[in-house]
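Next come the chains, spelled out residue by residue.
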Amino acid sequence: MNLRTPVKEARGLGSAKGGTHHWLMQRVSAIALLLLVLWFAFSIAINAGGGYEAARAWIASPITAGAVILLLAAAFYHAQLGLQVVLEDYVGNKAVQLAAVIAVKFLAVILALTGILAVLSIAFGG
Amino acid sequence: MPTDNRPLSPHLQIYRPQWTSGLSICHRLAGVVNTIGSLLVIYWLVSLASGPAAFERAQAILGSWPGLFVLFFFSLALFYHLCNGVRHLFWDAGKGFELDTAWRSGQAAVAGAVGLTVIVWIVALTTGGGG
């Protein structure tokens, strides 16, 4: 005879109130990227061809630097959320899946940080 | 709790391919392509931070025909994922699930992606960007 309540049985097995967090954050980052990507695509189309000094001056301006940093943070955050779902859907082996998801999350942080540091070094390097 | 013998929903190859399901797969595919393409943005920024020689090399690689080809498809995947993502946001709000609406919003997403890609490349090539 089981005297535990249904709630006690379910605890630790379910979403523990975090079930929609992944979904929600994917949407929030998507909304941010909607604006940032449109801005960046057209800005780089205009500014990439002017040579080294012009490109540096463009990235170094506070508004560009700030927006590119936001773009990189939002893009890699969004990317690792999406790739996590892809891996969870298609990688059957649980151990491989977990390792792949962790690797994706590490890589996303490393890449975002690399890009952000590049922008900061341009912005502060004169 | 045994979960191995539960019935599964029919898998992808059971269904007849449709416009809407094709676009859905393309959305996921484009998301993966965008992640890989974003490495090019990181490469460009790092080379710009590394000095004139590295930057000229990056510009030469990205501005070569294979480079432009890759950038073109990256931009197409980026704009498709963006436009179709807006479609997803409407679905998340509970709107646009009627079959003909879903069909036509898919056409709009593809048209928007192609349009934005063409416009951004016209801007890039006329302002001498190219990259």
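Scroll up for the structure.
Parameters at a glance
Residues numbered from 1 in each chain as written. Chains lettered and ligands numbered in written order. Predicted model: local features only at pLDDT ≥ 70, side-chain atom pairs only at ≥ 80, totals over all residues. Heavy atoms only, no water. Helix = DSSP H or I, 4+ residues; strand = E, 2+ residues; numbered from the N terminus. Buried < 20%, exposed > 50% of the residue type's maximum accessible area, 1.4 Å probe, protein only. Contact = heavy atoms within 4.5 Å. Areas by Shrake-Rupley, 256 points an atom, 1.4 Å probe, with all protein chains shown as cover. Lys, Arg positive; Asp, Glu negative; His and termini not counted. Charge placed at Lys NZ, Arg CZ, Asp CG, Glu CD. Expected span 1.5 Å × (residues − 1). Arc of directions from axis to C-beta. Buried area = accessible area lost by both parts, 1.4 Å probe. Salt bridge = Lys/Arg side-chain N within 4 Å of Asp/Glu carboxyl O. Polar contact = N/O pair within 3.5 Å; in protein donor to acceptor, adjacent residues only side chain to side chain. Phe/Tyr/Trp six-rings, centres within 6.5 Å; stacked < 30°, edge-to-face > 60°. Axes fitted to C-alpha atoms, helices over the stretch in contact; angles between N-to-C directions. Parallel < 35°, antiparallel > 145°, perpendicular 65-115°, else oblique. Nonpolar A, V, L, I, M, F, W, Y, C, P; charged D, E, K, R; others polar.

(A) Just the overall build of chain B, in detail. If you tally the helices and strands in chain B, you get four helices and zero strands. Along chain B, helices (α) and strands (β) appear in the sequence α-α-α-α when read from the amino end. With the C-alpha coordinates of chain B rotated into their principal frame, the extents come out at 60 × 40 × 25 Å. Counting all 131 residues of chain B, 36% fall into the buried class. Within chain B, counting contacts between residues at least 6 apart in sequence, those at least 24 apart form 70% of the total. For chain B, the accessible surface area stands at approximately 8,000 Å², while carbon and sulfur atoms represent 72% of it. Each charge class in chain B was averaged separately, 7 positive and 5 negative side chains, and the resulting centres sit 2 Å apart.

(B) Summary view of helix α2 (residues 52-63) of chain B. Over its twelve residues, α2 of chain B runs 16 Å from end to end, which matches the ideal 16 Å to within 8%, given 1.5 Å per residue. Along α2 of chain B, the positions that sit buried rather than exposed are Ala-54, Phe-55, Ala-58, Gln-59 and Leu-62 of chain B. All buried residues of α2 of chain B project into a common sector of 135 degrees when viewed along the axis, lining one side. α2 of chain B presents Ala-53, Arg-57 and Ala-60 of chain B as exposed residues on the side facing more than 90 degrees away from its buried surface. Contact partners of the buried residues in α2 of chain B: α3 (52-60) of chain A together with α1 (19-50) and α3 (65-92) of chain B.

(C) Looking closely at the interface of chain B and chain A. Between chain B and chain A, the residue contacts involve 33 residues of the former and 38 residues of the latter. Counting each side, the surface lost to burial between chain B and chain A is near 2,900 Å², with a carbon and sulfur contribution of 79%. The interface formed by chain B and chain A holds two salt bridges in total. Notably, a salt bridge pairs Asp-89 of chain A with Arg-28 of chain B, separated by 2.8 Å at the nearest N-O pair. Here chain B and chain A share six residue pairs in polar contact (both at pLDDT 80 or more) between them. Looking at the side of chain B that touches chain A, the elements with two or more residues in it are α1, α2, α3 and α4 (99-126) of chain B.

(D) Fine view of the pattern of salt bridges. In the structure shown here, the tally under the stated rule is three salt bridges over all chains. With its nearest N and O atoms 2.7 Å apart, the salt bridge here joins Arg-27 of chain A to Asp-92 of chain B. Separated into two different chains, Arg-27 of chain A in helix α2 (residues 21-47) and Asp-92 of chain B in helix α3 make up a pair that spans both. With a relative accessible area of 30%, Asp-92 of chain B lands in the partly exposed category.

(E) Summary view of the packing of aromatic side chains. A complete count under the given rule lists ten aromatic pairs over all chains for this structure. Residues Trp-39 of chain A and Phe-40 of chain A carry aromatic rings whose centres are separated by 6.1 Å and whose planes lie at 50 degrees to one another, so their mutual orientation is tilted. Judged by its relative accessible area of 28%, Trp-39 of chain A is partly exposed. For Phe-40 of chain A, a relative accessible area of 7% corresponds to the buried category. Look at Trp-91 of chain B and Phe-97 of chain B: their rings are 6.4 Å apart centre to centre, the planes differ by 15 degrees, and that puts the pair in the stacked class.

(F) Here's a closer look at α3 of chain B. The end-to-end C-alpha distance of α3 of chain B is 40 Å, a good match for the 40 Å that 28 residues give at a rise of 1.5 Å each. One or two positions beyond α3 of chain B, positive phi appears at Gly-94 of chain B, with a value near 85 degrees.

(G) Expanded view of the packing of α1 of chain B against α2 of chain B. Residue and element names in this part refer to chain B. One way to put it is that α1 packs onto α2 with a least axis distance of 7 Å and a crossing angle of 150 degrees. The angle between α1 and α2 falls in the class roughly antiparallel. Counted together, Leu-40, Tyr-43, Trp-44, Ser-47, Leu-48 and Ser-50 of α1 and Ala-54, Phe-55, Arg-57, Ala-58, Gln-59, Ile-61 and Leu-62 of α2 form the full contact between these two elements. Tallied by class, the residues present in the contact of α1 with α2 amount to nine nonpolar, three polar and one charged.

(H) The arrangement of the environment of Ile-61 of chain B in detail. Residues and elements named next belong to chain B. Position of Ile-61 relative to the elements: it lies in helix α2. Taking the C-alpha atoms as reference points, Ile-61 and Val-33, separated by 28 residues in sequence, lie 19 Å from one another. Each residue touching Ile-61, except ones within four places of it in the same chain, is listed here: Tyr-43 and Gly-67.

Fair warning: the whole summary comes from geometry, so function is off the table for now.
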